[in-house]
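The residues making up each chain are set out below.
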Amino acid sequence: QGLYEEALTQFEKIKDTDFQGMYQLGVMHYDGLGTKEDPEKGVAYMKKILNSDSPKARHLKFAAAYNLGRAYYEGCGVKQSTKEAERLWLIAADHGNPKASVKAQSTLGLLYSASVPKDLKKAFFWHSEACGNGNLESQGALGVMYLYGQGVCRNTKAALKCLREAAERGNIYAQGHLVEYYYSRKFYSTAAAVAKRITENDNIDVLAKITDCLPTYVAKGVAMAAFYLARCLQLGLGVQQDQAAAKKYYSKACLLDPAVAADLELAANLGRI
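Everything quoted here is computed from the prediction, not taken from an experiment.

**Section: the side chain of Ser52**
No. 1: Mapped onto the elements of the fold, Ser52 is located in the loop between helix H3 (39-51) and helix H4 (61-74).
No. 2: When sequence neighbours within four positions are dropped, the list of residues in contact with Ser52 reads Phe19, Ala57 and Lys61.

**Structural notes on the state of the cysteines**
One covalent bond between the sulfur atoms of two cysteine residues makes up a disulfide.
No. 1: All told, the structure shown has zero disulfides when counted by the stated rule.
No. 2: Its sulfur unpaired, Cys213 is 12 Å from the next cysteine sulfur, which belongs to Cys131.

**What to know about the packing of helix H10 (residues 172-184) against helix H13 (residues 215-235)**
No. 1: Relative orientation of the contacting elements H10 and H13 amounts to 30°, with a least axis distance of 7 Å. Classified by the angle between their axes, H10 and H13 sit roughly parallel to one another. As for the relative orientation of H10 and H13, their crossing is left-handed in sense. On H13, the residues touching Ile172, Tyr173, Gly176, His177, Val179, Glu180 and Tyr183 of H10 are Tyr217, Val218, Lys220, Gly221, Val222, Met224, Ala225, Tyr228, Arg231, Cys232 and Leu235.
No. 2: Counted by class, the contact of H10 with H13 contains twelve nonpolar, three polar and three charged residues.

Here is what the cut-offs are and how they apply
Residues numbered from 1 in each chain as written. Predicted model: local features only at pLDDT ≥ 70, side-chain atom pairs only at ≥ 80, totals over all residues. Heavy atoms only, no water. Helix = DSSP H or I, 4+ residues; strand = E, 2+ residues; numbered from the N terminus. Contact = heavy atoms within 4.5 Å. Disulfide = S-S within 2.5 Å. Axes fitted to C-alpha atoms, helices over the stretch in contact; angles between N-to-C directions. Parallel < 35°, antiparallel > 145°, perpendicular 65-115°, else oblique. Left-handed = near helix turned anticlockwise from the far one by under 90°. Nonpolar A, V, L, I, M, F, W, Y, C, P; charged D, E, K, R; others polar.

If you want it as structure tokens, here you go:
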């Protein structure tokens, strides 16, 4: 905290002549680092950068537009507006430019997947751009889209390539979907072994921070793994049957993501899994 306060003082001194200092101040005020949280002030600094004609602000505009989009989406420091968030993220994403905000490209992929109505073709486009620019979250999302034919023709080979590469890089959501795939193909011992490894670390916030993936999707991945592990333990598929352990993992799945657990429970009751 002391270091943040010292940095804040230094940035305050240079903010009128240094856009990098102004940007850092914006982030610190928005997130309450070294100072009281003041999202309005953070937003004001980001808008100054985005609207500046100075060539010295150019390299910060994509990041400022991404942060402003986040503010509008969350309704933090400004009136909530998904439409304005989308507009700003499109500026930040800059048609998939690798030097623009790759985070904005991935966020647009997630936005179009969750919008009402969904626009899965746009979601696929943006996840493809972000994945091509190295984004781990989008690599996992692309794998799932290929696997289930969402916004693109179903392609199991491409799906497994994306999911395995993302899983190796630490994407928990991709790992959870690989467990589901192994289970569906009746590779029960592989499904159980991978699921066991995933469920050993369920500190969602730490995992999200390490991988720079959204906590919501990290939780979904661990919940899927816990449910399939529970199913293997309950029925003795690929592992020794153990009802007590099965109950423990079912509970874990419900706690981590009730919606994922409910969907999988319904599928199990209908005999689909």
